Amino acid sequence: MADGVEAREIVKTFGVGTEHEVTALNNVSLTIRSNEFFTLLGPSGCGKTTMLRLIAGFEMPTRGDILLFGEHMEDLPPNQRAVNTVFQHYALFPHMSVAENVAFGLRRLRKPKDETDRTVGHMLELVKLGDLAHRRPAQLSGGQQQRVALARALAPGPKVLLLDEPLSALDLKLRQAMRLELKQIQRETGITFIFVTHDQEEALSMSDRIAVMSNGEVQQVGTPHDIYEYPVNRFVAEFIGDANFIPATVAGFETDMLVCSTVAGRTLRVRGSGDHNTGDLVTLFLRPEKVLLHRQGETSSGRLAGEVVDVVYYGSETSYRIRLDDGTVILAEDRNMLDGSRRFAGGEQLFVEIGAETLRVLGQ
Amino acid sequence: MKRRHLEVGRYHGLGTWTVLCFAFLYLPIGILIIYSFNASSLAMTWTGFSLDWYAKVLRNDSIQFAAVNSLVIATITTLFATAIATAAALALVRGGRFTGHTASLGLVTLPLVVPEIVTAVAVLIFFANLNLNLGIGNVIIAHTTFCIPFAFMPIRARLVGMDTSLEQAARDLYSSEWQTFRHITAPLLMPGILSGAMLSFVISLDDFIITLMVAPAGATTLPVYIYSMIRQGITPEVNAISSVFFAASVLLVSIYWLLSRRVMSVPKGTGTSNASGGSRT
Ligand SMILES: Nc1ncnc2c1ncn2[C@@H]1O[C@H](COP(=O)(O)OP(=O)(O)O)[C@@H](O)[C@H]1O
Ligand SMILES: [Mg+2]
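Below: a short report on this structure. (Residues numbered from 1 in each chain as written. Chains lettered and ligands numbered in written order. Predicted model: local features only at pLDDT ≥ 70, side-chain atom pairs only at ≥ 80, totals over all residues.)

Ile55(A), Val102(A), Ala151(A), Ile194(A) and Ala151(B) are the most contacted members of the largest nonpolar core, which has 133 residues in total. In terms of residue count, the dominant contributor to this core is helix 6 (residues 136-160) of chain B (11 residues). Val57(B), Leu222(B), Val238(B) and Ile241(B) belong to the second-largest nonpolar core, a separate cluster that totals eight residues. (Core = buried A, V, L, I, M, F, W, Y, C linked by C-beta atoms within 7 Å. Buried ≥ 20, exposed ≤ 12 C-beta atoms within 10 Å, placed from the backbone. Helix = DSSP H or I, 4+ residues; strand = E, 2+ residues; numbered from the N terminus.)

Below, the structure written as structure tokens:
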């Protein structure tokens with residue numbers, strides 16, 4: 001399959017030569033496949049919007065190249081790129097009806113009138129706004145405006161659709177519904193989506209692949225599963241959900257296992273983790289839901305004794321802060337079962353099981 | 001007037017003050033209008049109702065000639081001034097920073113603070129040196145120069161408040177720069193352009209000093225003509241023509257108000273307003 005969008009060693013510096021010089025993107029290379037739902041994920045200010053604006057053609061890279069389906073985009077203005085954008089605040093044309101907004105791109109492309117009408121009808125149906133075609137944007141709710149923005153950007157049939165935090169202004173319920181809908185529209189239309197968000201849950205639930213960014217640099221690119229389970233560094237691990245970090249030294253090796261001893265003197269085994277030498281300082285990483293909690297156990301079986309410090313109830317799960325008897329505090333998360341057999345109260349003594357395959361050694 | 005939550009409405013005597021202020025503003029005009037219906041030929045003695053003076057105004061060819069001059073000058077001036085002001089506003093607001101940006105902004109708005117008599121003398125000398133005599137054209141050129149800033153201010157204000165993401169969205173949807181201007185910038189700028197046009201029309205229409213200096217024979221405008229009538233004594237005819245002038249102005253402003261309400265009613269409170277906040281977050 002051809003590459004949809006390729007960014008090669010992009011550097012973007014704003015205000016070159018002034019005292020406000022900001023490097024928004026620092027040597028970013030990305031390959032986004034055709035038909036992919038690709039997400040740029042990162043905290044505010046990390047350069048996500050800038051990346052989209054470079055692809056759309058609103059900004060020119062200071063250095064580097066952008067290719068769309070193998071074609072160099074150098075100096076091509078936005079109106080000559082087969083890319084459309086769903087803007088962060090929708091940017092609907094207030095003096096036009098919903099239908100006119102959606103038809104705007106098609107008219108500029110000089111499509112025949114009957115074809116335009118048909119496409120507009122089809123698009124409004126796709127986003128379930130058929131009966132609001134004659135309203136003005138001001139007469140729509142936020143969610144409806146969002147759909148108009150989507151229909152307007154999809155109507156000209158772009159090869160790539162750029163979405164800049166399109167769901168951030170919606171309330172939770174609507175946001176969750178729109179996630180599914182967006183994903184479905186992407187699958188149906190087969191258009192390459194480049195989706196920007198700072199919300200890790202959104203990124204995990206919708207994307208084929210995610211690029212995690214921070215400070216104008218790409219930290220990791222991978223499937224949601226890769227990013228969540230195998231973060232390459234502490235930043236990614238922390239940004240994509242809760243995590244335990246346990247400093248340790250490599251003590252030795254067993255068959256495809258790394259034997260580490262924690263600062264507190266505990267021995268933990270980690271399955272199959274890279275090149276390390278005895279004595280290396282490493283950070284072990286563990287997702288809270290991978291920690292198993294037990295009422296009984298004896299330390300010889302690898303279970304660690306501890307005490308519940310804090311309990312936060314989330315409905316479907318409960319999050320515990322547990323102090324192990326060596327003083328280490330770890331975060332654990334457990335599904336709430338019907339019978340309540342696995343619920344613990346603050347102050348309760350319990351045993352914690354950390355499996356060798358749930359621990360990872362993090363790069364720095 | 002119904003009293004709302006506004007605290008200021010509770011101050012004692014405020015109503016009286018308000019009435020006094022309005023009286024000060026409008027009483028002279030009211031009296032002028034009333035006396036324009038006076039049958040007497042003495043300006044200040046009421047002898048009965050009559051429309052004679054209006055009839056006389058209508059029969060007076062010089063008045064009509066001056067009125068037509070005024071309208072033609074104001075119309076053409078408005079077209080020129082608004083077009084130039086729109087171009088200037090676009091360049092200064094949407095054109096990015098360029099050398100001389102601040103200086104240009106200052107130069108465009110400078111006529112607002114230059115005393116009118118100075119402008120008048122300067123333009124007069126300028127025309128004399130060039131030996132330029134285009135009749136009414138001289139007046140139009142002079143009026144255009146001092147109307148530009150009045151047209152410029154509201155257009156610029158509107159443009160500054162307009163979110164650039166709409167124009168970007170248009171570019172993204174395959175508009176050339178010109179199409180973006182035609183389909184997005186211009187329609188959204190229209191209330192500003194209308195205000196600017198309205199201001200320059202009214203200011204051109206009632207300009208006196210500059211016109212008096214610059215207007216060659218045959219280019220007399222209504223204010224200049226009325227002034228020349230007054231020098232021969234205040235007659236009810238002056239009252240009548242002034243009343244007509246006043247009525248025309250009120251009509252004009254009302255039309256503008258209705259028009260702008262129609263144009264404005266569209267973009268109010270849409271996605272544009274919340275978009276100004278964080279387009280780069
Ligand atoms: N037009 C601009 N001029 C100057 N600095 C900018 C401009 N656009 C973005 N930046 C800066 O670049 C950095 C990245 O911004 P942005 O791409 O908007 O981040 P994000 O979308 O990830 O929140 C920020 O520090 C921002 O202040
Ligand atoms: Mg952003």
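What follows concerns the sheet that holds strand 17 (residues 317-324) of chain A. Within a beta sheet, neighbouring strands are joined by backbone hydrogen bonds and run either parallel or antiparallel to one another. Residue and element names in this part refer to chain A. A sheet is described by the order of its strands in space; here five strands give the open sequence 15-19-16-17-18, paired in antiparallel fashion. Either end of the sheet is taken by a strand with one partner, and the two such strands are strand 15 (292-294) and strand 18 (329-335). Recorded for the sheet is a direction-independent mean angle of 45 degrees between the axes of neighbouring strands. (Pairing = 2+ DSSP bridges. Axes fitted to C-alpha atoms, helices over the stretch in contact; angles between N-to-C directions.)

The next point concerns the site of ligand 1. For ligand 1, the set of nearby residues contains 14 residues, the closest of which are Phe14(A), Ala24(A), Lys48(A), Thr49(A) and Thr50(A). At the site occupied by ligand 1, nearby residues are drawn from chains A and B. Breaking the shell around ligand 1 down by element, the ones donating at least two residues are strand 2 (22-33) and helix 1 (48-56) of chain A. A total of three residues in the shell around ligand 1 trace back to one element, the largest contributor, which is helix 1 of chain A. Partitioned by chemical class, the residues of the shell around ligand 1 number four nonpolar, eight polar and two charged. (Near = placed C-beta within 6 Å. Nonpolar A, V, L, I, M, F, W, Y, C, P; charged D, E, K, R; others polar.)

Residue and element names in this part refer to chain A. The end-to-end C-alpha distance of helix 5 (residues 172-189), which contains 18 residues, comes to 26 Å, matching closely the 26 Å that a straight helix rising 1.5 Å per residue would cover. Regarding helix 5, the residues found buried are Met178, Leu182 and Gln186. Here the buried residues of helix 5 occupy an arc of 70 degrees about the axis, which is enough to place them on one side. What points out from helix 5, more than 90 degrees from its buried face, is the exposed set Lys173, Leu180, Gln184, Arg187 and Glu188. Looking at the packing, one finds that the buried side of helix 5 touches strand 3 (37-41), strand 8 (192-197) and helix 6 (200-206). Backbone geometry just after helix 5 places Gly190 at a positive phi near 70 degrees. (Expected span 1.5 Å × (residues − 1). Arc of directions from axis to C-beta. Contact = placed C-beta atoms within 7 Å.)

What follows is about the sheet that holds strand 9 (residues 209-214) of chain A. All names here are of chain A. In space, the six strands of this open sheet follow the order 6-7-8-3-9-10, with mixed pairing throughout. Single-partner strands in this sheet number two, and they are strand 6 (83-86) and strand 10 (217-222). Ignoring which end each strand starts from, the neighbouring axes of this sheet average 20 degrees apart. Two strands pair when backbone bridges link them, and strand 9 and strand 10 are joined in this way by five bridges, in the antiparallel orientation. Each bridged residue has a counterpart across the sheet, and for Val212 the counterpart in strand 10 is Gln220.

Residues and elements named next belong to chain A. The phi angle at Asp75 is positive, at roughly 65 degrees, despite the residue not being glycine. Looking at where Asp75 falls in the secondary structure, it is placed in the loop between strand 5 (71-72) and strand 6. Using a count of 8 C-beta atoms within 10 Å as the deciding quantity, one classes Asp75 as exposed.

Turning our attention to the pairing of strand 1 (residues 3-14) of chain A. For strand 1 of chain A and strand 2 of chain A, the ladder comprises nine bridges, and the chain directions are antiparallel. Note on strand 2 of chain A: the bridge partner recorded for Val5(A) is Ile32(A).

Next up on the list: the packing of helix 2 (residues 98-108) of chain A against helix 3 (residues 113-126) of chain A. All names here are of chain A. Two elements in contact, helix 2 and helix 3, have axes whose closest approach is 9 Å; the angle formed by their N-to-C orientations is 130 degrees. Regarding the angle of helix 2 to helix 3, the classification is oblique. Like other packed secondary-structure pairs, helix 2 and helix 3 cross with a definite hand, here right-handed. Counted together, Ala99, Val102, Ala103, Leu106 and Arg107 of helix 2 and Thr116, Thr119, Val120, Met123 and Leu124 of helix 3 form the full contact between these two elements. Residue composition of the contact of helix 2 with helix 3, by class: seven nonpolar, two polar and one charged. (Parallel < 35°, antiparallel > 145°, perpendicular 65-115°, else oblique. Left-handed = near helix turned anticlockwise from the far one by under 90°.)

Residue and element names in this part refer to chain A. Of the strand pairs in this sheet, strand 11 (residues 244-254) and strand 14 (residues 281-286) are connected by six bridges, and their pairing is antiparallel. Each bridged residue has a counterpart across the sheet, and for Asn244 the counterpart in strand 14 is Leu286. Note that strand 11 and strand 12 (residues 257-262) share six bridges and pair antiparallel. Each residue of the ladder has a partner; that of Ala248, found in strand 12, is Thr262.

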